[in-house]
Amino acid sequence: MDAGEQRRRWEYWWISLCFYLLLYLGQQASAQIRYTVPEEVKEGTIVGNIAKDLSLDVSTLVDRRFRIVSGSNYALFQVNQNNGILHVEKQIDREELCDGTNACLISLKTVVENPLEIHYVEVEIIDINDHAPNFAYKDVLLEIAESTLPGEDFQLQEAQDPDSGVNSVRFYKLSQTDYFELEFRENGEEKKVPVLKLRKLLDRERQVTHSLTLTAVDGGNPPRSGSIAINVTVLDDNDNRPKFSQELYSVTLQENAPVGTLVIRLNATDLDEGQNGEIVYSFAKNIEKQVYDTFDLDNTGEIRVKGNLDFEKNNVYRFGVMASDKGQPPKTSNCRIIIKMIDENDNVPEIDVTSLSDVVPEDSKPGTVISLVSITDKDSGVNGKVVCRISDNVPFELKPSFKENMYSLVTNAKLDRELVSRYDVTITATDLGQPPLSSIKTLKVQISDVNDNVPEFPRNPLELYLMENNPPGASIYSVSAFDKDMNENAAITYQIIREDRAKSHMSSFLNVNSDNGHIHALKSFDFETVKTFQFHVLATDSGSPSLSSNVTVNVFILDQNDNVPVILYPVSANGSAEGVEEIPRNVNAGHLVTKVRAYDADIGYNGWLLFSLQEVSEHSLFALDRYTGQIRTLRSFTETDEAQHKLLILVKDNGNVSLSATATVIVKVVEPKEAFAASDVKNAVKDEEENDVTFYLIITLGSVSVLFVISIIVLIVMQCSKSTDYSSKYLQDANYDGTLCHSIQYRSGDKRYMLVGPRMSIGSTIAPGSNRNTLVIPDRRRRDSGEVRLADLLYFCTF
């Protein structure tokens with residue numbers, strides 16, 4: 001493999017790696033952009049086109065809320081959402097923003113949404129030559145003894161220029177003189193301090209004072225300058241000047257050191273004696289005001305703290321100290337002092353949160369950005385390193401950005417407003433100082449509702465017991481569903497499901513109020529026509545898309561006494577309830593004359609028929625059985641008894657308001673031979689018919705009795721198993737002898753009801769109720785409740 005091919009493979013691998021890194025970071029932030037702009041430019045000056053440099057679609061900037069969200073001094077700049085141009089908002093003074101000669105950078109953070117992109121922009125403020133060099137004092141007085149030897153130097157005040165780079169002080173020049181020349185000395189800051197050096201001996205008798213001018217010139221174009229007047233007074237001899245033990249003193253001082261703390265003790269010596277050897281210490285005249293405010297220098301050479309020290313405001317102090325003797329003239333010497341501050345962990349981290357939205361939808365996917373979090377700590381070094389975390393048991397996490405101390409608050413789990421509608425997310429930032437300092441900020445995150453819950457009914461199925469003959473159009477029932485969502489997502493409408501007419505033809509006679517769930521019957525129901533049916537109600541919320549659920553309503557029609565008894569026998573040829581019976585005169589007491597048969601379509605008490613004699617010609621001759629309708633003789637006939645008797649029989653039910661019918665039986669008393677002769681054929685046919693009826697009656701009664709016993713056993717077994725089946729079942733049953741009966745049985749939950757007809761079970765009691773036909777049977781298997789109510793057992797009896 002040659003070198004060219006291997007190089008191409010490395011290039012392909014490197015391009016692939018960069019592509020995947022860009023895909024990973026593309027949704028969070030883009031590369032940092034840097035612009036430059038001179039200071040003091042006019043407001044509105046264009047700095048750069050961010051949208052163009054980031055390849056953003058200008059037409060979408062307004063919809064995506066393109067803006068500057070934070071950054072140091074971001075109010076100085078503003079971005080136009082219509083074209084993406086960054087321009088100057090306020091006039092910029094570099095000297096106010098930045099100190100020193102380093103690059104003056106302003107960091108801005110821009111955001112566009114949908115999808116979220118974070119871009120960092122740095123603007124470098126370029127210095128212009130808008131300040132001239134300046135001396136702290138307009139003039140300076142130097143006293144030099146006439147015996148001072150050539151080569152002796154005197155440190156002068158250095159000029160200050162707020163500008164930086166080439167615009168700062170470049171050189172000094174001294175006015176023309178034969179006695180002095182200008183030299184420079186390094187001060188440890190890469191700056192040159194002007195020094196006045198004596199070229200030849202002074203002669204006080206010839207010239208007492210010398211007036212000089214020191215001019216400082218910067219490197220701007222055009223250059224600016226500042227001057228100071230130097231007045232030199234020639235004094236008489238003072239042989240020795242004070243000398244410091246070292247020319248440069250460098251010490252360190254703890255930040256926040258208390259007032260009175262000793263910083264350094266200077267030591268200068270003078271070989272002279274008397275007042276010429278006494279030394280007085282003072283600050284150099286060209287030092288800054290903050291040195292005077294922070295430190296105190298006494299006559300012993302001790303420098304102590306007298307003001308507040310703050311590493312973040314000034315991390316190093318540089319100034320000069322002058323030692324003077326008391327000779328005439330006094331001699332002086334200078335030294336340089338450098339005090340370096342040691343940072344203490346005295347600043348808590350500051351948390352800045354930029355929320356992208358006030359509310360978060362509950363269906364937000366994990367990884368959705370909620371807010372941007374930036375942490376700053378004014379301390380330096382380890383004290384400025386910050387660890388950030390959020391409170392536990394919240395579905396959020398902090399994702400660090402590629403830029404230090406920048407985080408994104410994102411979701412890390414599914415949200416459910418129905419469980420928690422608001423989160424108080426506590427963000428804690430702790431630095432690594434000793435002891436560590438921390439700050440806390442709480443972000444309130446509101447969860448907005450999404451239609452994710454279907455309407456729920458309290459139970460399914462529902463049971464409706466409806467009395468027959470209900471008025472059409474009246475409300476018969478009300479359904480209600482509950483939706484855990486809120487507002488329109490919880491607004492429920494109701495409708496009846498119209499199914500196949502063969503399955504649920506009764507639902508066409510029902511209507512439901514879509515707003516409140518009230519159900520109205522459009523017709524009157526008849527128990528004798530339909531006893532039970534079911535329909536389905538659909539509950540739908542108003543969300544988008546809407547959700548729905550349905551409930552089954554089982555309807556049980558309850559019987560009313562709305563059917564009159566029907567006479568089955570006797571019935572005449574024209575259809576009236578009237579018949580003629582002939583009996584021999586010689587019959588004995590207890591002879592069965594005939595039996596009145598009747599039928600009532602109602603059940604229970606409403607269908608339980610009782611017979612009574614309303615009219616009879618001779619009360620001593622005939623008796624009517626109250627329950628069976630059998631007419632029998634009470635005694636034998638005598639010669640004086642009439643040959644024909646009319647009996648009017650009333651048949652009535654046992655409803656609350658009883659209904660009745662009447663039948664007329666005419667009994668003719670004939671001689672035995674005539675009766676038998678006249679009715680031989682009739683009796684033969686009648687006997688055969690009665691034998692057939694009796695045979696079928698016995699078979700029917702036996703079958704119904706067996707079914708009744710089986711039904712009772714099934715009910716007992718179901719009760720023992722505590723079935724929760726709410727459906728109703730219908731069973732055939734037999735009750736008492738001599739009557740063909742039809743029964744309907746109801747069950748509801750763990751309670752059973754039985755509606756009974758004639759000849760109820762011995763030991764049972766009639767419990768009061770709406771139909772007076774509920775039989776409460778003691779339940780020896782449930783001692784806690786004391787009773788079990790059997791299902792409604794309804795009878796249709798035919799006599």
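Attention here is on the structure that accompanies the text. Treat the numbers as computed from the prediction; the structure is a model and nothing was measured.

**Re the sheet that holds strand β40 (residues 578-584)**
(1) Moving on: Here we have four strands laid out as an open sheet, ordered β40-β47-β46-β43, and mixed in their pairing. Looking at which strands have only one partner, the edges of the open sheet turn out to be β40 and β43 (610-616). Between one strand axis and the next, the sheet turns by 30 degrees as a mean value, whatever way the strands run.
(2) Moving on: Across seven bridges, the pairing between β40 and strand β47 (residues 660-670) is parallel.

**What about the pattern of salt bridges?**
(1) Moving on: In this structure the tally under the stated criterion is 18 salt bridges.
(2) Moving on: The closest approach of N and O atoms between E124 and R34, which form a salt bridge, is 3.2 Å. You can see E124 sitting in strand β7 (residues 117-126) and its partner R34 sitting in strand β1 (residues 33-38), a full 90 residues away along the chain.
(3) Moving on: Between R304 and E302 there is a salt bridge whose closest N-O contact spans 3.0 Å.
(4) Moving on: Several salt bridges converge on common partners, so that one network encompasses R65, R67 and E113.

**Here we look at the side chain of T628**
(1) Moving on: If you trace the backbone, T628 turns up in the loop between β44 (622-624) and β45 (630-633).
(2) Moving on: Within the structure, the side chain of T628 is placed 3.4 Å from the backbone nitrogen of Q630, a separation counted as a polar contact.

**Topic: the packing of aromatic side chains**
(1) Moving on: Here the structure, examined in full by the defined rule, presents 15 aromatic pairs.
(2) Moving on: Note on F396 and Y423: the rings are 5.5 Å apart at their centroids and 85 degrees apart in plane angle, and the pair reads as edge-to-face. In this pair, F396 sits in strand β28 (residues 396-400) while Y423 sits in strand β30 (residues 422-431), placing the two residues 27 residues apart along the sequence.
(3) Moving on: Grouping aromatic residues by their ring pairs yields a cluster made of F283, Y292, F295, Y317 and F319.
(4) Moving on: If you follow K200 out to its NZ or CZ, it ends over the ring of Y179, 4.7 Å from the centre.
(5) Moving on: In this structure, K531 packs its charged tip against the face of F527, placed 5.0 Å from the ring centre.

**Brief notes about unusual backbone geometry**
Trans is the prevailing form of peptide bonds, just as negative phi is the prevailing case for residues other than glycine.
(1) Moving on: For the bond from N221 to P222, the omega torsion is 5 degrees, close enough to zero to count as cis.
(2) Moving on: Position of P222 relative to the elements: it lies in the loop between β13 (209-218) and β14 (225-235).
(3) Moving on: Residue P435 is reached from Q434 by a cis peptide bond, and omega for that bond is -5 degrees.
(4) Moving on: Inspection of the secondary structure assignment puts P435 in the loop between β30 and β31 (438-448).
(5) Moving on: Phi at R65 takes a positive value of approximately 55 degrees, unusual for a residue other than glycine.
(6) Moving on: Within the secondary structure, R65 is located in the loop between α2 (50-53) and β3 (67-71).
(7) Moving on: Its relative accessible area of 38% is what places R65 among the partly exposed residues.
(8) Moving on: Positive phi is not limited to glycine here, since N487 has a value of about 55 degrees.
(9) Moving on: Along the chain, N487 turns up in the loop between β33 (475-478) and β34 (492-496).

Conventions used here
- Residues numbered from 1 in each chain as written.
- Predicted model: local features only at pLDDT ≥ 70, side-chain atom pairs only at ≥ 80, totals over all residues.
- Heavy atoms only, no water.
- Pairing = 2+ DSSP bridges.
- Helix = DSSP H or I, 4+ residues; strand = E, 2+ residues; numbered from the N terminus.
- Axes fitted to C-alpha atoms, helices over the stretch in contact; angles between N-to-C directions.
- Salt bridge = Lys/Arg side-chain N within 4 Å of Asp/Glu carboxyl O.
- Polar contact = N/O pair within 3.5 Å; in protein donor to acceptor, adjacent residues only side chain to side chain.
- Phe/Tyr/Trp six-rings, centres within 6.5 Å; stacked < 30°, edge-to-face > 60°.
- Lys NZ or Arg CZ within 6 Å of the ring centre and 35° of its normal.
- Buried < 20%, exposed > 50% of the residue type's maximum accessible area, 1.4 Å probe, protein only.

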